[in-house]
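Residues per chain, in single letters:
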Amino acid sequence: TTVVNKTFTIGNYLGIYYCKLCHSGGEIAPNKYDPWKTTAHSMIFTEGIDGLLGHYSESCLKCHTVGYDTDTNAVNGGFDDVAKQYGWVFPAVLTNGNWESMALNYPLLTNVANIQCENCHGPGDQHAYSLGNTNLITITVNSGDCNQCHDAPTHHIYGTQWYTSRHALTTGPTSANCSGCHS
């Protein structure tokens, strides 16, 4: 018999503007914002609607935006809720300037566009309103978090690659575990 405990923190999505308030290099919390800005996660939706990725469609929004859930009972401040509230529709033509137009006409929607903190860590309102209580947000960095989006066999194969690699067998990234291959 195995006992498994899972904690669910239910809340509303706030978007990157709120995460940035504390996580942008001040004394309150570690700077997570600046390193994130250099990742593909921070630009995937932007580049997609600007036509820079080749194939991109509305079906990509589930992973490439924050809190996307078209269930009519799940009104939680996610991308789909904000888009509906302001009347934004997915562009018919993916071309340069779509992101700029969205930022100009729907600035609150850009706050929950691209892959951000809350994609992996869950809704952050309780964490933010409690002034950073880490018990009120998911803080794990295990492969299951990444594989929510990165384990689609036809086009996002990183999950499968991870599970079949030696990296999946280590107890975590430490110099002892990494140095054999990475030195």
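Relevant structure appears above.
Here's what I pulled together on the structure shown here. (Residues numbered from 1 in each chain as written. Predicted model: local features only at pLDDT ≥ 70, side-chain atom pairs only at ≥ 80, totals over all residues. Heavy atoms only, no water.)

1. Description of the nonpolar core
- Ranked by internal contacts, the top residues of the largest apolar core, which has 16 residues, are Phe-45, Tyr-56, Phe-79, Trp-88, Met-102 and Leu-109.
- Elements that contribute at least two residues to this core include exactly helix H3 (44-49) and helix H5 (79-86).
- Residue contributions to this core peak at three residues, all from H5.
- If we skip the residues at most four places from it in the chain, Leu-109 touches Phe-79, Val-82, Ala-83, Trp-88 and Met-102. (Core = buried A, V, L, I, M, F, W, Y, C linked by side-chain atoms within 4.5 Å. Buried < 20%, exposed > 50% of the residue type's maximum accessible area, 1.4 Å probe, protein only. Helix = DSSP H or I, 4+ residues; strand = E, 2+ residues; numbered from the N terminus. Contact = heavy atoms within 4.5 Å.)

2. Considering the environment of Gln-116
- The topology assignment puts Gln-116 in the loop between helix H7 (107-110) and helix H8 (117-121).
- Relative accessible area serves as the criterion here: at 4%, Gln-116 is assigned to the buried category.
- Between the alpha carbons of Gln-116 and Ser-42 there is a distance of 6.6 Å; along the sequence they are 74 residues apart.
- Those residues in contact with Gln-116 that lie beyond four places of it in its chain are Gly-15, Ile-16, Trp-36, Val-66, Thr-110 and Asn-111.
- For Gln-116, the side chain forms a polar contact with the main-chain nitrogen of Ile-16, separated by 2.7 Å.
- Here the side chain of Gln-116 touches Ala-113 through a polar contact of 2.7 Å, landing on its backbone oxygen. (Polar contact = N/O pair within 3.5 Å; in protein donor to acceptor, adjacent residues only side chain to side chain.)

3. Concerning unusual backbone geometry
- The residue Asn-114 is not glycine, and still its phi comes out positive at about 70°.
- Note that Asn-114 resides in the loop between H7 and H8.
- For Asn-114, a relative accessible area of 4% corresponds to the buried category.
- One non-glycine residue with positive phi stands out, namely Leu-131, at about 60°.
- Assignment of secondary structure puts Leu-131 in the loop between helix H9 (125-129) and helix H10 (143-150).
- Given the relative accessible area of 80%, Leu-131 is considered exposed.

4. Concerning the packing of aromatic side chains
- Tallied over the full model, the rule gives nine aromatic pairs.
- A ring pair is formed by Phe-45 and Phe-79, whose centres lie 5.4 Å apart and whose planes are at 65°; its orientation type is edge-to-face. With Phe-45 in helix H3 and Phe-79 in helix H5, this residue pair connects regions lying 34 residues apart in the sequence.
- The buried category is assigned to Phe-45, whose relative accessible area is 0%.
- Using a relative accessible area of 1% as the deciding quantity, one classes Phe-79 as buried.
- Pairing Phe-79 with Trp-88 gives two aromatic rings, centres 5.4 Å apart and planes at 85°, and the pair type is edge-to-face. (Phe/Tyr/Trp six-rings, centres within 6.5 Å; stacked < 30°, edge-to-face > 60°.)

5. A short note on the environment of Cys-120
- Mapped onto the elements, Cys-120 comes out in helix H8.
- Exposure remark for Cys-120: the relative accessible area of 33% places this residue in the partly exposed category.

6. Details of the side chain of His-127
- Among the secondary structure elements, His-127 is positioned in helix H9.
- A residue is classified by how much of its surface remains accessible, and His-127, at 16% relative accessible area, is buried.

7. A few points about the side chain of Asn-76
- Of note, Asn-76 is situated in the loop between helix H4 (61-64) and H5.
- Non-local contacts of Asn-76, meaning those with residues more than four positions away in its chain, are made with Gly-11, Asn-12, Tyr-13, Gly-67 and Asp-81.

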